[in-house]
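Chain by chain, the residues:
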Amino acid sequence: MKNILNRINSIFKNINYPLAAFFLVIIIGIFTLFIKPIIGMADNGDFYRVISSNGVYELNPNDSDLYNGYFYRHYGIYKYNNDIEKNFISTQGIFIKIAVYISQMINKNFILDIRFMSWMFLFVEAIGIYLIVKVLINQVTEEKHKLIITLVTIFIFCDTTYLAYYNSFYGEAINISFFLLSIGILLNMAEFNKFSKLNILLFGISSFIFLGSKQQLSPVGILIAVLCLRIGFKNKEKLFKGLSMVLAIGFVISSILFYKQITGDFQYINGYHAMNRGILLYEEDPDEVMKFFNLNEQYSLLKDTTFYDDVTLVNLYDKQLIEDYYKKFTTTKIISYYITNPRAFFKMLKIAFDNGYSIRPNAMGNYEKSENKEFGAKSYFFALYSTVKEKVFTGNIVLSIIVIIGYCYSSAVRYIKARKINCDTMIFKEEAYFYIFLVGISQIIISVIGAGDADLAKHVFMYNMSFDLILIYFISIKLQKHQVKIKSKNNK
């Protein structure tokens, strides 16, 4: 028996866990995204504004099953000039254009298979997971613990609910892949003291691609700017400090520019939902709310409605409505309302956290129509983690509060300890994870203020990412403590 255990241990010692994680992401991703039944995400109506700005269009725009029910992987490529106004700015366009270029090089039939794009996201995630696993197992000596960390990381981030976004035109595809890559680079700099010009530049590029995927993320640019300034102190070289300063300024400017893109339809839609699917939601006295915002009390009749309702009480683009309604509940005014009415804010936070553990929205299906699945059918291939997480946390805001307080307390303890023993690696690593935490929490707050409960599962998506990254970190810390206890017992 000892010989068998020794052989198993020797096999485990020869495993390159980060590389194994890289290939597991690729293998599971291929089975999910490229081999039938091919899994993806159905269009909820958001694809048009992304693809139309990048020379791509729906092949079957009149198909009754086009929205929400089934995933479509083939799209048309404009043969001639695209006259549609290009008013949607997103880093997602980079990958659509690359996919179109590769598709035309290979097929030249003006048909885009979405998988020409999804492989890029899958590859980026694989690199990010490689870097993250490399950091997480660095302080772990037990081979079985390294294996556990690697498998848990794969179990979480290769979940179908995450990977399905890659076969879609949702910004979440960039959120997942490039956030993981940027965090992998950041943690590697911290863990291995590799604060080089190349690494900070790679971190800046990957973070910019992540930031620019959705306007909703624009405030995160300020967090990244602060992080860049903090990184600037990790290397005494003047060029490195100058580069970190330039990146910090660049992210502040980018945040402002991306935020300013929220105009026109975006502004009206978000504002409408912030009021009628947020502030007024479950409100017993809507007339009092109208008085707070100096609005005509008749507008309280719009309570509980959405911008996308088939039948609306008023013309939602009416000039008088824009002047007398939309322009009177600015973001500043909405924030002031929630500050003076904490009960209303807590009500919305509860709804946000209820949606904060749903990685994929319930409305969208995952299968192609040719698979003969029912309308809106979901894939549960490799989706155990997301299913369990949603059932455990949804509807339990107390548990969410306990988890958040628990993380903040344990992080503060580790940070203070690191300060006392002057461990720069531990100090910066805790700061990096606090950045991850703030990205998630900021999206909860921004979503509530900016759009109420409308499409909330997608708006608070980054909370899922932050939660999962911190969960893996927590597991690795516990395993490290466990091996320390075992060593101390053996020494006794």
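No experiment lies behind these values; they were computed from the predicted model shown. (Residues numbered from 1 in each chain as written. Predicted model: local features only at pLDDT ≥ 70, side-chain atom pairs only at ≥ 80, totals over all residues. Heavy atoms only, no water.)

Caption draft 1: Inspection of the overall build of the protein chain at higher detail. Within the protein chain, the secondary structure is distributed over 21 helices and three strands. The C-alpha atoms of the protein chain give a radius of gyration of 24 Å, which matches the 23 Å a tight globule of 492 residues would have. In terms of principal-axis extent, the alpha carbons of the protein chain reach across some 80 × 55 × 50 Å. Among the 492 residues that make up the protein chain, the fraction classed as buried is 53%. (Helix = DSSP H or I, 4+ residues; strand = E, 2+ residues; numbered from the N terminus. Rg over C-alpha atoms; globule rule 2.2 N^0.38 Å. Buried < 20%, exposed > 50% of the residue type's maximum accessible area, 1.4 Å probe, protein only.)

Caption draft 2: How the structure looks around the packing of helix 5 (residues 115-136) against helix 6 (residues 143-157). Running from amino to carboxyl end, helix 5 crosses helix 6 at an angle of 145°, the nearest separation of the two axes being 10 Å. You can see that helix 5 and helix 6 cross each other, and the crossing is right-handed. Contacts between helix 5 and helix 6 involve E125, I129, V133 and L136 on the former and, on the latter, I149, T150, T153, I154 and F157. In terms of residue class, the contact of helix 5 with helix 6 is made up of six nonpolar, two polar and one charged. (Axes fitted to C-alpha atoms, helices over the stretch in contact; angles between N-to-C directions. Left-handed = near helix turned anticlockwise from the far one by under 90°. Contact = heavy atoms within 4.5 Å. Nonpolar A, V, L, I, M, F, W, Y, C, P; charged D, E, K, R; others polar.)

Caption draft 3: Representation of helix 10 (residues 220-232). For helix 10, which comprises 13 residues, the first-to-last C-alpha distance of 19 Å matches the rise-based estimate of 18 Å (1.5 Å per residue) to within 8%. Looking at the buried positions of helix 10, the neighbouring elements they touch are helix 8 (172-192), helix 9 (197-211), helix 11 (238-260) and helix 19 (424-451). (Expected span 1.5 Å × (residues − 1).)

Caption draft 4: Fine view of the domain arrangement of the protein chain. One can read the domain layout of the protein chain as domain 1 (13-193) and domain 2 (353-489). The gap between the C-alpha centroids of domain 1 and domain 2 is 19 Å. Across the boundary between the two partners, domain 1 contributes 54 residues, which contact 51 residues of domain 2. Interface area for domain 1 against domain 2, summed over the two sides, is near 4,800 Å², with a carbon-plus-sulfur share of 67%. Contact with domain 2 buries area across many residues of domain 1, yet Y70, T161 and F179 alone supply 13% of it, more than any other trio. At the boundary of domain 1 with domain 2, the tally comes to two salt bridges. Of the charged contacts in the structure, one is a salt bridge between K429 and E191, with a shortest N-O distance of 2.6 Å. Within the residue set of the side of domain 1 that touches domain 2, elements represented by two or more residues are helix 2 (17-33), helix 5, helix 6, helix 7 (160-163) and helix 8. Counting residues per element, the side of domain 1 that touches domain 2 draws most heavily on helix 8, at ten residues. Residue composition of the side of domain 1 that touches domain 2, by class: 33 nonpolar, twelve polar and nine charged. (Domains from an automatic or database assignment. Buried area = accessible area lost by both parts, 1.4 Å probe. Salt bridge = Lys/Arg side-chain N within 4 Å of Asp/Glu carboxyl O.)

Caption draft 5: Molecular detail of the packing of aromatic side chains. A full pass over the atoms with the stated rule returns 35 aromatic pairs. Judged by centre distance (4.8 Å) and plane angle (65°), the ring pair of F47 and Y170 falls under edge-to-face. Of this pair, F47 sits in helix 3 (residues 47-51) while Y170 is found in the loop between helix 7 and helix 8, placing the two residues 123 residues apart along the sequence. For F47, a relative accessible area of 1% corresponds to the buried category. (Phe/Tyr/Trp six-rings, centres within 6.5 Å; stacked < 30°, edge-to-face > 60°.)

Caption draft 6: View of the pattern of salt bridges. Taken as a whole and assessed by the stated rule, the structure comprises twelve salt bridges. Residue R73 pairs with E368 through a salt bridge whose shortest N-O separation is 2.6 Å. Of this pair, R73 sits in the loop between strand 1 (56-57) and strand 2 (74-77) while E368 sits in the loop between helix 16 (342-355) and helix 17 (384-393), placing them 295 residues apart in sequence. Both residues of the pair, R73 and E368, count as buried.

Caption draft 7: Just the sheet that holds strand 2, in detail. Ordered by their spatial adjacency, three strands build an open sheet running 1-2-3, and the pairing between neighbours is antiparallel. Looking along the sheet, the strands with just one partner apiece sit at the ends: strand 1 and strand 3 (111-113). As judged from the two bridges shared by strand 1 and strand 2, these two strands associate in the antiparallel manner. Note on strand 2: the bridge partner recorded for Y57 is G76. The strands touched by helix 4 (residues 92-106) within the sheet are strand 1, strand 2 and strand 3, with strand 3 carrying the most contacts at an inclination of about 115°. (Pairing = 2+ DSSP bridges.)

Caption draft 8: Molecular detail of the nonpolar core. F179, L186, I231, M275, Y325, Y326 and Y435 are the most contacted members of the largest nonpolar core, which totals 149 residues. When residues of this core are sorted by domain, at least three fall in each of domain 1 (13-193) and domain 2 (353-489). Those residues in contact with M275 that lie beyond four places of it in its chain are L280, V289, M290, F293, L295, Y325 and F329. (Core = buried A, V, L, I, M, F, W, Y, C linked by side-chain atoms within 4.5 Å.)

Caption draft 9: Main features of helix 4. Relative to the 21 Å expected for 15 residues at 1.5 Å per residue, helix 4 spans 22 Å between its end C-alpha atoms, a close match to the ideal helical length. Taken together, the buried positions of helix 4 are Q92, G93, F95, I96, A99, V100, S103 and Q104. Angular distribution of buried residues about the axis of helix 4 spans 170°; they occupy a single face of the element. Residues of helix 4 that are exposed and point over 90 degrees away from its buried face: Y101 and M105. (Arc of directions from axis to C-beta.)

Caption draft 10: Focus on a nonpolar patch on the surface. A cluster of nonpolar side chains, L19, F23, I27, I30, F31, I35, F155, F381, F382, L384, V388 and V392, forms an exposed patch at the surface whose accessible area comes to about 1,000 Å². For the nonpolar patch, the secondary-structure elements that each account for two or more residues are helix 2 and helix 17. Among the elements that make up the nonpolar patch, the one with the highest residue count is helix 2 (five residues). The residue I35 is located in the loop between helix 2 and helix 3 in this model. (Patch = residues over 30% accessible without salt bridge, like charges linked within 9 Å, V, L, I, M, F, W, Y side chains within 5 Å. Areas by Shrake-Rupley, 256 points an atom, 1.4 Å probe, with all protein chains shown as cover.)

Caption draft 11: Representation of the pairing of strand 2. Two elements, strand 2 and strand 3, share three bridges in a ladder whose sense is antiparallel. Counted as the bridge partner of H74 is D113 from strand 3.

Caption draft 12: Quick look at the side chain of S400. Take S400: it is sitting in helix 18 (residues 397-420). A relative accessible area of 1% places S400 in the buried class.

Caption draft 13: How the structure looks around the environment of I224. Take I224: it is sitting in helix 10. Classification of I224 as buried rests on a relative accessible area of 0%. Through-space distance from the C-alpha of I224 to that of L211 is 9.1 Å; in sequence the pair is 13 residues apart. Apart from the residues lying within four places of it in its own chain, the contact partners of I224 are F203, S207, F251 and Y435.

Caption draft 14: Representation of unusual backbone geometry within the structure. The residue after K36, namely P37, is reached through a cis peptide bond having omega -5°. Positionally, P37 belongs in the loop between helix 2 and helix 3. Its identity is not glycine, yet K108 carries a phi of approximately 55°, on the positive side. Secondary-structure assignment places K108 in the loop between helix 4 and strand 3. We classify K108 as exposed; its relative accessible area is 63%. At F382, a position not held by glycine, the phi torsion is positive, near 55°.

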